[in-house]
Every structure is written in structure tokens, then in C-alpha cells.
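Summary of the model geometry
What follows is each chain in one-letter form.
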Amino acid sequence: DAGITQSPRHKVTETGTPVTLRCHQTENHRYMYWYRQDPGHGLRLIHYSYGVKDTDKGEVSDGYSVSRSKTEDFLLTLESATSSQTSVYFCASQDSGGKRGTEAFFGQGTRLTVV
Amino acid sequence: AQSVTQLDSQVPVFEEAPVELRCNYSSSVSVYLFWYVQYPNQGLQLLLKYLSGSTLVKGINGFEAEFNKSQTSFHLRKPSVHISDTAEYFCAVTSPGKGSGYALNFGKGTSLLVTP
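Please read all numbers here as calculations on a predicted model, not as lab measurements.

1. Section: the overall build of chain B
Counting its regular elements, chain B contains zero helices and 12 strands. Going residue by residue from the N terminus, the α and β elements of chain B occur as β-β-β-β-β-β-β-β-β-β-β-β. Whereas a compact globule of 116 residues would reach a radius of gyration of roughly 13 Å, chain B reaches 14 Å, a difference of no more than 12%. Along the three orthogonal principal directions, the C-alpha set of chain B runs to about 45 × 30 × 20 Å.

2. Points about the side chain of B:Gln38
Along the chain, B:Gln38 turns up in strand E5 (residues 32-38). B:Gln38 sits in the buried class, given a relative accessible area of 10%. Looking at B:Gln38, its side chain comes within polar contact range of the main-chain oxygen of B:Gln42, at 3.0 Å. Beyond its immediate chain neighbours, meaning those up to four positions away, B:Gln38 contacts A:Gln37, A:Phe90, B:Gly43, B:Leu44, B:Ala87, B:Glu88 and B:Phe90.

3. Topic: the sheet that holds strand E8 (residues 73-78) of chain A
Residue and element names in this part refer to chain A. Within the open sheet, the four strands sit side by side as E1-E3-E8-E7. Their pairing is antiparallel. Strands with a single pairing partner mark the edges of an open sheet, and in this sheet they are strand E1 (4-7) and strand E7 (64-70). Across the sheet, the axes of successive neighbouring strands diverge by a mean angle of 20°, strand direction being ignored. Relative to strand E3 (residues 19-25), E1 runs antiparallel, the two being bridged by four bridges. Within E3, the residue paired with Ser 7 across the bridge is Arg 22.

4. Here we look at the interface of chain B and chain A
Listed per partner, the contact involves 22 residues of chain B and 25 residues of chain A. Of the roughly 1900 Å² buried at the junction of chain B and chain A (both faces included), carbon and sulfur atoms supply 55%. In this assembly, chain B and chain A are joined by zero salt bridges. On inspection of chain B and its partner chain A, the count reaches four residue pairs in polar contact (both at pLDDT 80 or more). Sort the elements by how many residues they give to the side of chain B that touches chain A and E5(B) lands first, with four residues.

Calculation criteria
- Residues numbered from 1 in each chain as written.
- Chains lettered and ligands numbered in written order.
- Predicted model: local features only at pLDDT ≥ 70, side-chain atom pairs only at ≥ 80, totals over all residues.
- Heavy atoms only, no water.
- Helix = DSSP H or I, 4+ residues; strand = E, 2+ residues; numbered from the N terminus.
- Rg over C-alpha atoms; globule rule 2.2 N^0.38 Å.
- Buried < 20%, exposed > 50% of the residue type's maximum accessible area, 1.4 Å probe, protein only.
- Polar contact = N/O pair within 3.5 Å; in protein donor to acceptor, adjacent residues only side chain to side chain.
- Contact = heavy atoms within 4.5 Å.
- Pairing = 2+ DSSP bridges.
- Axes fitted to C-alpha atoms, helices over the stretch in contact; angles between N-to-C directions.
- Buried area = accessible area lost by both parts, 1.4 Å probe.
- Salt bridge = Lys/Arg side-chain N within 4 Å of Asp/Glu carboxyl O.

Structure follows, in C-alpha cells:
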């Protein structure tokens, strides 16, 4: 299994505060993703990265920013947390190129509660 | 644009009975299709995938799925379920995109509940 870890695993924060979630992978995968999971919505893509310093927006990017300064780390920042951002956040990584690279490996998730 | 519809939000089934979880997709280009399983308080684990070739795909834990291009479906089946199969199941679709890797578009999930 790919080594992909998320931190923290659980966090409670107050409305209006900035929050950063970290994703770390040890597989040297090129692509990394942040999803949020909400009941009745499945998983929705927030942002993704296709290389160091190369990132782009997904389906639900408003209120989120990301950074990737090293291959192994992908950070998700909520600039000013709102209650609508209470969710479970999953990071995923993926090798590059061709059919061999199509499986995405997921972290264990971060449960974020904004009060 | 691609999308996935999982036709059942919940599927209750008795242990040792067969089960089918339904998934339909829409896409204007060729697709890769996946089923992931999520056990309580865990991340997602790949069950199986269809990339090309044989339309019947076998995965882990005795699951299989059949790709039907004409019906744009990728239904998941298991001939005899166990209590331990109780979990959330997600169907997902992707296709190669410029710079985006193979970012997955997920369905809303089907909760499989297996009872004795």
C-alpha cells in the first residue's frame, strides 16, 4: 500500500480562524488531490496538484487554497473557516502516466469541525 | 464533463445472499471506471477497476463488476455477501486530462448493510 498520511486526524476550530491540513506521501507520486466527503454528496474534488508548485482548482475550491513545495507534501488551507466547511477531508496520491498510474491511494481522512 | 449516478443510496441484504450495487456514468470521452470501498472511519480502498479489455472485471474480496458501454453502466456484484462487507461503496469515473492526472469523479455512495 502507498504510504499516505494525513494530519491532524481530528480538529475542532472556531469560525473565522485559518486552518491547515497536511498530506504526506512517501511514494514519490506526481499527482495529489484533496477531496471533501459530505453525507449525500460523496467525495468532491477541492484542489489537485500535478507537480511541485503546480496546482489547480477542483469542483468545490471556494474558500480553500493549497500549496505543494515538495513532492511529498500537499497542504490544504482554509483561509477563514466557516461552518459549511465542517467535513471529512481526504487526501489522495497517484503515480504519473498511463494505465499503471490510474489507481489513487487515499489517506485515512481528517475530520474537521468548525464551531 | 463526467458524472456518476449510484442508483441506490442504501442496500440492505441478508448474509450469504447475492448483491448488486448499481452505477451509471455519463461521459463524452472514453473512461476508466472504479469501485472503492470505505469501512467505518477509514479511508477508501480500491475494490476493482476497468481500464480496457475484458468487460468483466474481478476485484478483491470476491467482488466483480461488468462494464456495459451501451448502457453506460458499471454495476458491482457479489454472489454471497458476508457481515464484514458492510460498508460504503463508491463508484468513480475518470479519463486522462491535461495536467489533472486522473482525478476521480465520485458517485454519492451506496451504503451496504449486511444482516444475519
